[in-house]
Amino acid sequence: MSTEDIYDLLDRAYESEDIDEIAELADRALALEPNNPEALLLKADLVEEDDERLPLLEKALEEAKRYFQEEELSGEEILEDEMGLVYLGLLQRAAYTLFFMERDDRALELVEELLRYDHEDLALAKTLYYRILLEREEWARVLEETMRETVRGLGWAYARVIATFMLSSGKGKDKKKQNDGLNKMLWDAVRMAPNVPFYMLGYIPDPVDESEDEDYHFAVLFENAWSPSRDLLNWFSKATILFGLLTGRFGAESDDMREILAALGGTADYEKLGPRVENLSDEEILDVFSVENYPT
């Protein structure tokens, strides 16, 4: 069977929505060419366990690099080749896998390589980049990167919130000014995807609407980013619960959430705001929070 036949198998796999059929087609392609990077990538996408997925991705990366060397391709020339997008996909998946395996240094190396390429679809890579820097507690570096950023997505928004909080050390008026800025940063982030904080803290169930999948997966990536400081987690939890109660997100769990909010010192905010924001939209409530600097 020719190379053209191998890619026919891969094309059929991409078009299929049947997991078993995709797995069969990927295996058939690998039987013909065991080191084919694209077939290895497809196979890796079907593997659930990180320690089983990583060897497939590393083998595919090695073979892709060998191909680039043979073709004498480097830098942006790689993106002009049909193997270029496969290589970017491999770098991204390997970096995510390494991060979840707590191999942050290697994950960072791959993400930094990925971000050197001038490609329009690197949002997930940049999100992981911020997340790794947070995990390494490189707060100042995070802020430097966010100030240079031109594409401002969820990763950018939450990374600067967390890094700014961790670097806040003012007193008196300076402390108040820092808190004012932090609250606004947080609500600006929430405004981008209002359910994300609730997914992060496990306050609402996993989404059933596919339109929420991207937000949910982002929340899973960032759910442990609040652990470096109990004060950070408490502040974020207080703000999230306050927003959730005032927008009716907790349903039958509202009484329990009010108790948690009370333990976090948020009862006064809730009682003061309740009558004022009744029947307001998420957007309108977030406007009130931002302008009047809640939570207090």
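Our subject in this report is the structure included herewith. (Residues numbered from 1 in each chain as written. Predicted model: local features only at pLDDT ≥ 70, side-chain atom pairs only at ≥ 80, totals over all residues. Heavy atoms only, no water.)

## What to know about unusual backbone geometry
Backbone torsion omega between Y294 and P295 reads 0 degrees, so that peptide bond is classified as cis. In this fold, P295 is placed in the segment after α17 (282-292). A positive phi angle is found at E102, which is not glycine, with a value near 65 degrees. Inspection of the secondary structure assignment puts E102 in the loop between α6 (84-100) and α7 (104-115). A relative accessible area of 71% places E102 in the exposed class. At E137, a position not held by glycine, the phi torsion is positive, near 60 degrees. Examined against the element boundaries, E137 turns out to sit in the loop between α8 (123-135) and α9 (139-148). (Helix = DSSP H or I, 4+ residues; strand = E, 2+ residues; numbered from the N terminus. Buried < 20%, exposed > 50% of the residue type's maximum accessible area, 1.4 Å probe, protein only.)

## Some remarks on a negative patch on the surface
A surface patch of like charges, here negative, comprises D5, D8, D11 and E15. With respect to the secondary-structure elements, D8 resides in helix α1 (residues 3-15). On the basis of relative accessible area, D8 is assigned to the partly exposed category, the value being 40%. (Patch = residues over 30% accessible without salt bridge, like charges linked within 9 Å, V, L, I, M, F, W, Y side chains within 5 Å. Areas by Shrake-Rupley, 256 points an atom, 1.4 Å probe, with all protein chains shown as cover. Salt bridge = Lys/Arg side-chain N within 4 Å of Asp/Glu carboxyl O. Lys, Arg positive; Asp, Glu negative; His and termini not counted. Charge placed at Lys NZ, Arg CZ, Asp CG, Glu CD.)

## A closer look at the pattern of salt bridges
Two side chains that carry opposite charge are able to pair once their charged atoms sit near each other. Counted according to the given criterion, the structure contains 20 salt bridges. A salt bridge links R93 to D45; the shortest N-O distance between them is 2.7 Å. Taken together, the positions of R93 in helix α6 and D45 in helix α3 (residues 37-45) put the pair 48 residues apart, joining distant regions of the chain. Residue K184 pairs with D188 through a salt bridge whose shortest N-O separation is 3.1 Å. You can see K184 and its partner D188 sitting in helix α11 (residues 172-192), four residues apart, about one turn around the helix. Given the relative accessible area of 43%, K184 is considered partly exposed.

## Considerations on the layout of surface pockets
In this model, the largest pocket occupies a volume close to 1,300 Å³. Considering the residues around the largest pocket, the lining is formed by 46 residues, among which Q92, Y96, L122, A123 and L124 are closest to the centre. At the level of elements, α3, α4 (50-70), α6, α7, α8, α9, α10 (154-167) and α13 (213-222) are the ones that each hand at least two residues to the lining of the largest pocket. No other element matches α6, which puts eight residues into the lining of the largest pocket. A class-by-class count of the residues in the lining of the largest pocket yields 22 nonpolar, nine polar and 15 charged. (1 Å grid on protein atoms, 1.4 Å probe; cavity = no way out; pocket = protein on both sides within 12 Å on 5 of 7 lines; lining within 4 Å. Points joined across faces, edges and corners; volume = space filled by probe spheres on them. Nonpolar A, V, L, I, M, F, W, Y, C, P; charged D, E, K, R; others polar.)

This is a description of form; function is not addressed.
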